[in-house]
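# Structural overview for review
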Amino acid sequence: MSRIKFSVVSAKHHTPKPKTKEMAFRPNPLSLSVPEPEFESWLRDSGYLEILDQRTTDLHRLSATPKPSNSAAAGPGAADSAISSNGVLLVSLLFSRIWTLLSLLTFSPFSKLAAADFSGDTPPWTLAFFGSLDSYSFPSSPSQARLRVHENVKRFPRNYATLSALFFACSLYQLPMALFGLVSCLALWDAFKLSGDWWGLDRYPLTRQILIRIAQCVALVVLFISNIALAIGYALAFSYAVMILHASIRKLTPPANQSAPRGVKTITARRPGSAVFASA
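In this text, all values refer to a predicted model and were calculated from it rather than measured experimentally.

### A look at the packing of aromatic side chains
For the coordinates displayed, the defined rule picks out 7 aromatic pairs. With 5.2 Å between their ring centres and 70° between their planes, W125 and F129 make a pair best called edge-to-face. With W125 and F129 both in helix 5 (residues 125-130), this residue pair falls 4 residues apart, about one helical turn. For F129, a relative accessible area of 1% translates into the label buried.

Okay, structure coming up:
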């Protein structure tokens, strides 16, 4: 059996290596960086945005469900404590919902809206835009409300534009003077165009520019007198409020022609009306 020799190294001869600051992740030439718009488009096309919204709603519902307690058997002291805890829970829930509504005013709902979103067909009003009663729920957090608003505004831009035009028509109906001013301005511009073609103002560009400026001043005076700006302001404010409220409480439901993503299945919980998604 071979002998084993042990040697002791003196501490003065052992010089520790200087510590170098290393990065948590080393650069990898094979790593890919996916831009945020492409990543959101992939989430939207694959249906994972709907799963994220549904899971957030289900988890909040399960966490907010109070646990059953036998307060009657415990005595009057336990009943008073249960009532006080329920009161605190209701007050906290009320303040949470108020904070969620106020958070809707801290961001722009049109930040992710593109011109290409208006090029598609208008989604069905009954099935896609309004949906059923199960298609609505109050957002559990400001982040979920922001997700719903951005996605619903991107999905239903033509519906919201149609509602804005309808609200503007209703405001004009309530303000007949504004309607008269708008019709007068349109008639003024049509008369100017017809008279310009009749008189051949294209051959006199300077005279044409002067007449255009005069017509613009007259149109501004008519619009100011008829309170058309008030009707536009009412329509814009009401349309924005309806859009924000609908987009925040409208759940993200997949279209009818979109199937669930692979590897995800729906499991119905014991309580009616609730469902959770689990990975297969």
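### Description of the nonpolar core
Soluble globular proteins: nonpolar side chains tend toward being buried together. In terms of nonpolar packing, the biggest core is built from 13 residues, with L104, V149, V153 and Y160 touching the most fellow members. Contributing elements (two or more residues each) for this core: helix 6 (142-155), helix 7 (157-174) and helix 10 (228-249).

### Some points on the packing of helix 7 against helix 8 (residues 176-199)
The interhelical angle for the contact between helix 7 and helix 8, taken along N-to-C directions, is 110°, at an axis separation of 5 Å. The pairing of helix 7 with helix 8 is recorded here as roughly perpendicular in orientation. Each of F168, L172, Y173 and Q174 in helix 7 lies in contact with helix 8, whose residues at this interface are P176, A178, L179 and L182. When the residues that make up the contact of helix 7 with helix 8 are grouped by side-chain class, the tally is 7 nonpolar, 1 polar and no charged.

The rules behind these values
- Per chain, residues are indexed from 1 in the order of the written sequence.
- It should be noted that, the model being predicted, local features are given only for residues of pLDDT at least 70 and side-chain atom pairs only at 80 or more, the latter also being counted only at that level, while totals for whole chains, interfaces and linings use all residues.
- Only hydrogens and water are set aside; all other atoms, that is, all heavy atoms of the structure, feed into the side-chain values.
- Pairs were defined over the aromatic rings of Phe, Tyr and Trp, the Trp ring being its six-membered one, requiring ring centres within 6.5 Å. Orientation was assigned from the angle between planes: stacked under 30 degrees, edge-to-face over 60, tilted for the rest.
- Numbering of helices and strands runs from the N terminus; a helix is a DSSP stretch of H or I covering at least four residues, while a strand is a stretch of E covering at least two.
- A 1.4 Å probe rolled over the protein chains alone gives each residue an accessible area, and that area as a share of the maximum for its type sets the label: buried under 20%, exposed over 50%, partly exposed in between.
- Nine residue types can take part in a nonpolar core, namely buried Ala, Val, Leu, Ile, Met, Phe, Trp, Tyr and Cys, and a core is a set of them joined through side-chain atoms within 4.5 Å.
- Fitting a line to C-alpha atoms yields each axis, with helices limited to the stretch in contact; the angle taken between N-to-C directions then spans 0 to 180 degrees.
- In these notes the angle categories are as follows: under 35 degrees is roughly parallel, over 145 is roughly antiparallel, 65 to 115 is roughly perpendicular, and the rest is oblique.
- Between two residues, a contact is recorded if the distance between any of their heavy atoms is within 4.5 Å.
- When residues are grouped by polarity, Ala, Val, Leu, Ile, Met, Phe, Trp, Tyr, Cys and Pro land in nonpolar, Asp, Glu, Lys and Arg in charged, and all others, Gly among them, in polar.

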